[in-house]
Amino acid sequence: ATTIALAWGPATDCARFAATPLCDEASGACVACRTSTDCSGAAPVCGADHSCRSCTADAECAAGFCAEAGTCPPAEQVIHVDSTAAAGNVACTAGAPCRTIAAGLATATAGRRYLALAAGMYAEQVILDGRALEVAGAGAELTSSFNPVLDVRNLASLSVRGLRIRGGMGRG
């Protein structure tokens, strides 16, 4: 009798399938991803069906920001603002967020254009001038007695979600 040794198992079995190169150890099925670290680019999140997909919530992204395109920008591109942060933070990172939106906007560049506002009250007038920005502010509220509360000028693009804006008198 002849014995044939087969290399068959999780590490070698699925690797031959380009679309599903990983083995889900629980089911034995070949899958595209087991965790989100297996995904990237336009499909950065590993879904419940073990396929990579676009993000749909900020919490799905390591930097805490899901861009409008469904991608997760790297941490260095996200500006973090928290109205309860210590005064004087100028890095505007997740670990050291800026206290005001104005301070956060001062760090915005073409490569750093995602503004993540922590839930809370921001009492300030905000002027957005000449920038392309995406703003996410679930539970955040911008209020001011200045007119207008939010003044948008010369923007290439602006996307705002979750931010409540109150106060001011508006313009005609």
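Look up: the structure comes first, before these words.
**Side note on the state of the cysteines**
With the rule as written, the count across this model stands at 6 disulfides. For Cys55, the disulfide goes to Cys66, at an S-S distance of 2.1 Å. Between Cys55 and Cys66, the disulfide has an S-S torsion of 95 degrees and is therefore right-handed. Of this pair, Cys55 sits in the loop between strand S4 (52–53) and strand S5 (78–81) while Cys66 sits in the loop between S4 and S5, and the two are 11 residues apart along the sequence. Here the two residues Cys55 and Cys66 agree in accessibility, since each one is buried. Residue pairing for Cys61: its cysteine sulfur links by disulfide to Cys72, the two sulfurs lying 2.1 Å apart. Linking Cys61 and Cys72, the disulfide has an S-S dihedral of approximately -65 degrees and is accordingly described as left-handed. Of this pair, Cys61 sits in the loop between S4 and S5 while Cys72 sits in the loop between S4 and S5, and the two are 11 residues apart along the sequence. For Cys72, a relative accessible area of 24% corresponds to the partly exposed category. Going through the protein in sequence order and numbering each bonded cysteine, the pairs you get are 1-2, 3-5, 4-6, 7-9, 8-10, 11-12. Here Cys23 stays free of any disulfide, with the sulfur of Cys14 as its closest cysteine sulfur at 4.5 Å. A relative accessible area of 6% means that Cys23 is categorised as buried.

Rules behind the numbers
- Residues numbered from 1 in each chain as written.
- Predicted model: local features only at pLDDT ≥ 70, side-chain atom pairs only at ≥ 80, totals over all residues.
- Heavy atoms only, no water.
- Disulfide = S-S within 2.5 Å.
- Helix = DSSP H or I, 4+ residues; strand = E, 2+ residues; numbered from the N terminus.
- Buried < 20%, exposed > 50% of the residue type's maximum accessible area, 1.4 Å probe, protein only.

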